[in-house]
Every structure is written in structure tokens, then in C-alpha cells.
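Descriptive structure summary
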Amino acid sequence: MFDVMCGIATVHQEPPPWDATIESGWRLRGMATTAGVRRRGVGTWMLATCMQHAWEQGGTLLWCNARVEASDFYRVLGFEPRDDRFIIDGVGEHIVMWRELSV
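None of these values were measured; they are calculated from a predicted model.

A short note on the overall build of the chain
Check the secondary structure of the chain and you find two helices and six strands. Put simply, the chain runs from its N terminus to its C terminus through helices and strands in the order β-β-α-β-α-β-β-β. A globule of 103 residues ought to have a C-alpha radius of gyration of about 13 Å, and the chain, at 14 Å, matches this closely. Out of the 103 residues belonging to the chain, those deemed buried represent 34%. Look at the contacts in the chain between residues 6 or more apart in sequence, and 56% of them connect residues 24 or more apart. When the accessible surface of the chain is summed, it comes to about 6600 Å², and 50% of that surface belongs to carbon and sulfur atoms. Distance from the positive charge centre (10 side chains) to the negative charge centre (13 side chains) of the chain: 7 Å.

This is the structure:
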């Protein structure tokens, strides 16, 4: 797709903050793309790849602390807001978002 690194995303097994008993929860963390590839499908592809990986490992839901400015991106891909907004010092306003994983 591209010849240089243009984005990053990490995903790992971690129960969601609202229910530590959901051991099949996975967390998306640190997702970002370079400005030059935004709105070209790179973020959607990265997120789909992360969801597929979590699903293949037995994950049943994926959650993240989304920047408020990026919340529409996640909504379009099936994520729902979970809690009120909160501030991460030095980063900005965020909201917990989540979605169930399925094939």
C-alpha cells in the first residue's frame, strides 16, 4: 500500500475498565497515522487488522480511550461511547469507546 511507515497501532488483551471480569477484552492503544495519509483508508485498514487479530485470539470486545476529535472515526466503525469525557494531561480530551468483535 505504502513504501514508508505511515501509521501505528497497538492492541493487547486487557479487560475493559468498566468490568475487570471480561478477560476476553482487548485494548486498542496508541493508534495514529501521519497527516499525509489521513482520509485514505489507512486508519480503517489498521483498525480492521487489529480487530481481526483480537478476534482470532479469542477476543470478544475491543475498547480504547479515543481522542474526542477522533470519536466520529470510531463511531463509523461500530464503536460506541462508554463514559463521560476525561482529560489526559498533555494529550487532551478523551472518551472510552468500545465495540463487540465478530466475524
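Focus: the nonpolar core
Counting 19 residues, the largest nonpolar core has Leu28, Leu47, Leu62, Tyr74, Phe79 and Met97 as its most contacted members. Secondary-structure elements contributing two or more residues to this core are strand 2 (25-33), helix 1 (42-56), strand 3 (61-67) and strand 6 (92-100). Considering each element in turn, this core owes the most residues, six residues, to helix 1. Every residue in contact with methionine 97, bar those within four places of it in the chain, is listed here: Leu62, Trp63, Cys64, Ala66, Ser71, Tyr74, Arg75, Phe79, Glu80 and Pro81.

Thoughts on the side chain of histidine 94
Examined against the element boundaries, histidine 94 turns out to sit in strand 6. Side-chain polar atoms of histidine 94 contact the backbone oxygen of glycine 92, separated by 2.9 Å. If sequence neighbours within four positions are ignored, histidine 94 has contacts with Asn65, Ala66, Arg67, Val68, Asp84, Arg85, Phe86 and Ile88.

Examining the pairing of strand 3
Strand 3 sits mainly inside the fold: five of its seven residues count as buried. Where strand 3 lies against strand 6, seven bridges are found, and the strand directions are antiparallel. Looking at strand 6, one finds that asparagine 65 is bridged to valine 96.

Quick look at the pattern of salt bridges
A side chain with one charge may pair with a side chain of the opposite charge, provided their charged atoms come close. Throughout the structure, instances matching the rule amount to four salt bridges. The salt bridge involving arginine 67 is made with glutamate 69; its shortest N-O contact spans 3.3 Å. The partner of arginine 75 in a salt bridge is aspartate 72, and the shortest N-O contact between them spans 3.8 Å. Here arginine 75 and its partner aspartate 72 are both found in helix 2 (residues 71-76), three residues apart, which amounts to about one turn of the helix.

Describing the confidence of the model for the chain
Across the chain, pLDDT averages 89, with 91% of residues at or above 70. Across the chain, element-level confidence peaks in strand 4 (residues 80-81) with a mean pLDDT of 96 and bottoms out in strand 2 with 89.

Rules used in this analysis
Residues numbered from 1 in each chain as written. Predicted model: local features only at pLDDT ≥ 70, side-chain atom pairs only at ≥ 80, totals over all residues. Heavy atoms only, no water. Helix = DSSP H or I, 4+ residues; strand = E, 2+ residues; numbered from the N terminus. Rg over C-alpha atoms; globule rule 2.2 N^0.38 Å. Buried < 20%, exposed > 50% of the residue type's maximum accessible area, 1.4 Å probe, protein only. Contact = heavy atoms within 4.5 Å. Areas by Shrake-Rupley, 256 points an atom, 1.4 Å probe, with all protein chains shown as cover. Lys, Arg positive; Asp, Glu negative; His and termini not counted. Charge placed at Lys NZ, Arg CZ, Asp CG, Glu CD. Core = buried A, V, L, I, M, F, W, Y, C linked by side-chain atoms within 4.5 Å. Polar contact = N/O pair within 3.5 Å; in protein donor to acceptor, adjacent residues only side chain to side chain. Pairing = 2+ DSSP bridges. Salt bridge = Lys/Arg side-chain N within 4 Å of Asp/Glu carboxyl O. pLDDT = per-residue confidence, 0-100.

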